[in-house]
Amino acid sequence: MSVSVLSREVQPVQQSQVHQWQVHKLRSEEVLLTAWAEQAPGRYVVTGRWPRGHAFYRPSRGAYDPMLLAESVRQAVPLLSHAVHDVPREYKQAWEHFSFSVDPLASLVTTVDEEVRLVVTCSDVVRRGSRFAGMTMDIEVHLGERRMGTAHTRFNNQPAAIYRRLRGSYADVDAALANCLPAGPPVDPHRVDRISPEDVVLSPALSGAPGRWMLRVDPTHPVLFDHAVDHAPGMLLLEAARQAAHAVGGGSSAVHGMTTHFARYVELDAPAVVVAGEPVPDGAGRRRVAVSVEQHGVRVFSSEATI
């Protein structure tokens with residue numbers, strides 16, 4: 001007796017379009033993600049495009065700026081919160097910790113328009129009753145056919161009312177921006193691998209001590225402050241860590257990875273000090289630089305950058 005096997009066409013995974021509001025961007029050109037799909041329970045594929053000539057996250061040494069990876073993950077946080085967990089628009093998501101690593105050779109910019117693909121595995125989902133309160137995400141990042149990096153993050157999600165209670169008077173965005181300290185003078189852009197002084201986020205420290213700077217906050221910056229916020233954005237802190245690591249690394253090293261911890265919000269109305277240690281060999285041919293941000297004498301952000 002012969003047995004016939006019926007073949008069934010595999011249906012493609014249904015993709016959903018990424019809407020601009022889901023990634024918390026006012027300027028459409030800053031939206032890096034394009035579509036998302038559920039591959040399996042708790043596992044999602046998010047696709048996007050990286051501009052080869054971004055005005056701020058510009059290519060360096062022939063490779064994409066690794067901060068494009070960081071920003072893509074940052075956009076995936078509210079995207080999956082809103083699209084998967086039905087989080088209302090006014091809810092606030094905040095990083096607790098974030099790390100990433102990139103392969104420099106797999107990050108090279110080519111002449112082909114390559115799709116960016118984030119394979120996101122979600123775990124440790126926390127709910128307060130029926131409310132989504134946060135989760136962990138592990139991400140594999142693919143550029144075209146190449147696996148170019150990985151990332152890991154944990155974030156929390158707060159309703160607007162709880163956020164206002166936690167932030168107190170700082171929850172008033174207009175007041176926070178009105179009380180923002182004036183941006184100090186930038187350090188030499190070339191010292192931190194920048195071209196324009198407007199893109200420098202470090203100012204010379206009053207003490208002039210090596211490895212110490214003031215955080216330079218410019219709320220008119222079109223990328224770091226795409227929309228009004230009541231505190232220093234997470235991507236600004238990552239950029240400060242990157243620039244500080246570049247400065248102490250001799251000005252010729254690119255950042256290929258970072259591990260960060262967000263302890264407190266960095267307020268706009270008080271000075272914040274960026275402190276970087278000397279590069280230390282990691283035993284794998286690279287060096288690591290510890291960078292922290294202190295405000296009111298308290299460490300509010302810490303990072304270890306791999307250069």
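In the block above lies the structure referred to throughout.
Procedures and definitions
Residues numbered from 1 in each chain as written. Predicted model: local features only at pLDDT ≥ 70, side-chain atom pairs only at ≥ 80, totals over all residues. Heavy atoms only, no water. Phe/Tyr/Trp six-rings, centres within 6.5 Å; stacked < 30°, edge-to-face > 60°. Helix = DSSP H or I, 4+ residues; strand = E, 2+ residues; numbered from the N terminus. Buried < 20%, exposed > 50% of the residue type's maximum accessible area, 1.4 Å probe, protein only. Lys NZ or Arg CZ within 6 Å of the ring centre and 35° of its normal. Pairing = 2+ DSSP bridges. Arc of directions from axis to C-beta.

Re the packing of aromatic side chains
Tallied over the full model, the rule gives nine aromatic pairs. Ring centres of Phe56 and Tyr57 lie 4.9 Å apart, and the angle between their planes is 65°; this geometry places the pair in the edge-to-face category. When the centroid spacing of 6.1 Å and the interplanar angle of 90° are considered together, the rings of Tyr163 and Tyr265 count as edge-to-face. Taken together, the residues span a long stretch of sequence, with Tyr163 in helix 2 (residues 160-167) and Tyr265 in the loop between strand 10 (257-262) and strand 11 (272-276) at a distance of 102 residues. Note on Tyr163: relative accessible area 6%, which makes it buried. In textbook terms, an aromatic cluster arises when at least three aromatic residues are bridged by ring pairs, as seen for Trp95, Phe98, Phe100, Phe262 and Phe301. Against the face of Trp21 rests Arg89, its NZ or CZ located 4.2 Å from the ring centre. Lying over the aromatic face of Tyr265, Arg167 brings its terminal NZ or CZ to 4.4 Å of the ring centre.

Side note on unusual backbone geometry
In this model, Asp86 sits at a positive phi of 55°, which is unusual for a non-glycine residue. Here Asp86 is to be found in the loop between helix 1 (66-85) and strand 4 (92-102). Relative accessible area serves as the criterion here: at 63%, Asp86 is assigned to the exposed category. Residues other than glycine seldom take positive phi values, yet Asp124 does so here, at roughly 50°.

Brief notes about the pairing of strand 9 (residues 212-215)
Pairing of strand 8 (residues 202-204) with strand 9, which is carried by three bridges, proceeds in the antiparallel orientation. Bridged to Ser203 within strand 9 is Met214. With three bridges joining them, strand 9 and strand 11 adopt antiparallel strand pairing. Within strand 11, the residue paired with Arg212 across the bridge is Val275.

Some points on the pairing of strand 3 (residues 43-48)
Counting buried residues along strand 3, five of its six residues qualify, which places the element largely inside the surrounding structure. Joining the antiparallel neighbours strand 2 (residues 33-40) and strand 3 is a turn of two residues, in which Gly42 adopts a positive phi near 80°. Taken together, the six bridges between strand 3 and strand 5 (residues 116-128) define a ladder with antiparallel strand orientation. Residue pairing in the sheet places Thr47 in a bridge with Arg117 of strand 5.

Topic: helix 2
Among the residues of helix 2, those classed as buried are Ala160, Tyr163 and Arg167. Along the axis of helix 2, the buried positions cluster into a sector of 60°, meaning they face one direction only. Helix 2 presents Arg165 and Leu166 as exposed residues on the side facing more than 90 degrees away from its buried surface. Of the residues trailing helix 2, Gly168 is marked for its positive phi of about 60°.

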